[in-house]
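The primary structure of each chain is shown beneath.
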Amino acid sequence: DTGVSQNPRHKITKRGQNVTFRCDPISEHNRLYWYRQTLGQGPEFLTYFQNEAQLEKSRLLSDRFSAERPKGSFSTLEIQRTEQGDSAMYLCASIGQETEAFFGQGTRLTVV
Amino acid sequence: RKEVEQDPGPFNVPEGATVAFNCTYSNSASQSFFWYRQDCRKEPKLLMSVYSSGNEDGRFTAQLNRASQYISLLIRDSKLSDSATYLCVVRANDYKLSFGAGTTVTVRA
């Protein structure tokens, strides 16, 4: 257990519904990342927070996606009007003063 | 061009064999380099950092070639438990982590 917690672990939703995922990073880590991974591919960068500030957002993140980290601790990733192409594993990672990124176990989203 | 490219494999090797594979990166300003291991349907976990002088951790040896912008990983005396996907990870100055698509290694008895 790396200390990064994500929930839910699995989510099945109907196309068009909204979903929200939560990530609790290691408590002293100020940097938090969201990645998306599909089968056979490496994780793709979605967005990055330093404390509560969202410093970078990938072009992969359409306007249906939004992420927040309101108090610089936990973060949420919301997908509105889900599409089948959103089906993937959504991974959260955090980094503190060291260089290693610690990943949560991910949320596996299936859009039916 | 992708920021990080890896040979996807799969590399299918017998126990005890040596297997090696590379990864190339496009951003010459990249500062930090890592190999992560990912088991099926699990999250990535750090295997080792890669230092300029090259480094070893038990049966694993990592090398960095900044001039040619590639990183390598060598696994000696392969074990069944080494079967996994190995992800090459590169970090630029702004702390963005870029991942390769992974190299799959299968060690057979």
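On a predicted model such as this, the values are computed, not experimentally measured, just so you know.

J.: Would you explain the overall build of chain A in this entry?
T.: On a plain count of helices and strands, chain A comes out with zero helices and 11 strands. Ordering the α and β elements of chain A from the N terminus gives β-β-β-β-β-β-β-β-β-β-β. Rg of the C-alpha trace for chain A: 13 Å, near the compact-globule value of 13 Å for 112 residues, within the 12% margin. The buried share among the 112 residues of chain A stands at 48%. Counting only contacts in chain A whose residues sit at least 6 apart along the sequence, the fraction spanning at least 24 positions is 51%. Taking the average place of the 14 positive charges on the side chains of chain A and the average place of its 13 negative ones, the gap between the two points comes to 7 Å.

J.: I'm lost on the pairing of strand β8 (residues 70-75) of chain B in this one. Help?
T.: Strand residues, when the strand is regular, have side chains that alternate between the two faces of the sheet. All names here are of chain B. With six bridges connecting them, strand β3 (residues 19-25) and β8 associate as antiparallel partners. Following the sheet pairing, Ala-20 is matched in β8 by Leu-74. The sheet contact formed by strand β7 (residues 60-65) and β8 spans six bridges and is antiparallel. Across the sheet, Gln-63 pairs through a bridge with Ser-72, a residue of β8. Hairpin geometry of β7 and β8 is characterised by an intervening segment of four residues between the two adjacent antiparallel strands and by a positive phi of about 55° at Gln-69.

J.: I keep staring at the interface of chain A and chain B and nothing clicks. Help me out?
T.: One widely used convention gives an interface's size as the accessible area the parts lose upon coming together. Counting residues at the interface gives 21 residues for chain A, matched by 17 residues for chain B. A buried area of about 1700 Å², summed over both sides, lies between chain A and chain B, and 53% of it is on carbon and sulfur atoms. The largest contributions to the chain A side of the interface with chain B come from Pro-43, Thr-99 and Phe-103 of chain A, which together make up 25% of the buried area. At the surface where chain A touches chain B, the tally comes to zero salt bridges.

J.: Which parts of the structure should I look at to understand the state of the cysteines?
T.: Put plainly, a disulfide is one covalent bond tying together the sulfur atoms of two cysteines. Residue and element names in this part refer to chain A. Summed over all chains, the structure comprises two disulfides over all chains. Between Cys-23 and Cys-92 runs a disulfide, and the two sulfur atoms are separated by 1.9 Å. Disulfide Cys-23 to Cys-92: torsion about the S-S bond roughly -65°, handedness left-handed. Highlighted residues: Cys-23 in strand β3 (residues 19-24) and Cys-92 in strand β9 (residues 88-95), separated in sequence by 69 residues.

J.: What am I meant to see in unusual backbone geometry here?
T.: Excluding glycine, a negative phi dihedral is what most residues carry, and trans is how most peptide bonds are arranged. Backbone torsion omega between Asn-7 of chain A and Pro-8 of chain A reads 0°, so that peptide bond is classified as cis. Within the element layout of this structure, Pro-8 of chain A appears in the loop between β1 (5-7) and β2 (10-13). In this structure, Pro-10 of chain B follows Gly-9 of chain B across a cis peptide bond, with omega equal to 5°. Along the chain, Pro-10 of chain B falls in the loop between β1 (4-6) and β2 (11-14). Even without being glycine, Asn-51 of chain A reaches a positive phi, approximately 55°. On the secondary structure map, Asn-51 of chain A appears in the loop between β5 (44-50) and β6 (53-57). Take Asn-51 of chain A: its relative accessible area is 34%, and that puts it in the partly exposed class.

J.: When you look at the side chain of Thr-13 of chain A in this model, what are you seeing that I'm missing?
T.: Inspection of the secondary structure assignment puts Thr-13 of chain A in strand β2. Ignoring anything within four residues of it in the chain, the contact list for Thr-13 of chain A reads Val-19, Thr-82, Leu-109, Thr-110, Val-111 and Val-112 of chain A.

J.: Please clarify how the sheet that holds β1 of chain A should be interpreted in this entry.
T.: In any sheet, the strands associate via hydrogen bonds between backbone groups, in a parallel or an antiparallel arrangement. All names here are of chain A. Strand order in this open sheet of four strands is β1-β3-β8-β7, and the pairing throughout is antiparallel. Of all the strands in the sheet, the pair left with one neighbour each is β1 and β7 (65-68). Each adjacent strand pair in this sheet contributes to an overall mean axis angle of 15°, direction not counted. Across four bridges, the pairing between β7 and strand β8 (residues 75-79) is antiparallel. Bridge assignment links Ala-67 to a residue of β8, and that residue is Leu-77.

Definitions and cut-offs
Residues numbered from 1 in each chain as written. Chains lettered and ligands numbered in written order. Predicted model: local features only at pLDDT ≥ 70, side-chain atom pairs only at ≥ 80, totals over all residues. Heavy atoms only, no water. Helix = DSSP H or I, 4+ residues; strand = E, 2+ residues; numbered from the N terminus. Rg over C-alpha atoms; globule rule 2.2 N^0.38 Å. Buried < 20%, exposed > 50% of the residue type's maximum accessible area, 1.4 Å probe, protein only. Contact = heavy atoms within 4.5 Å. Lys, Arg positive; Asp, Glu negative; His and termini not counted. Charge placed at Lys NZ, Arg CZ, Asp CG, Glu CD. Pairing = 2+ DSSP bridges. Buried area = accessible area lost by both parts, 1.4 Å probe. Salt bridge = Lys/Arg side-chain N within 4 Å of Asp/Glu carboxyl O. Disulfide = S-S within 2.5 Å. Axes fitted to C-alpha atoms, helices over the stretch in contact; angles between N-to-C directions.

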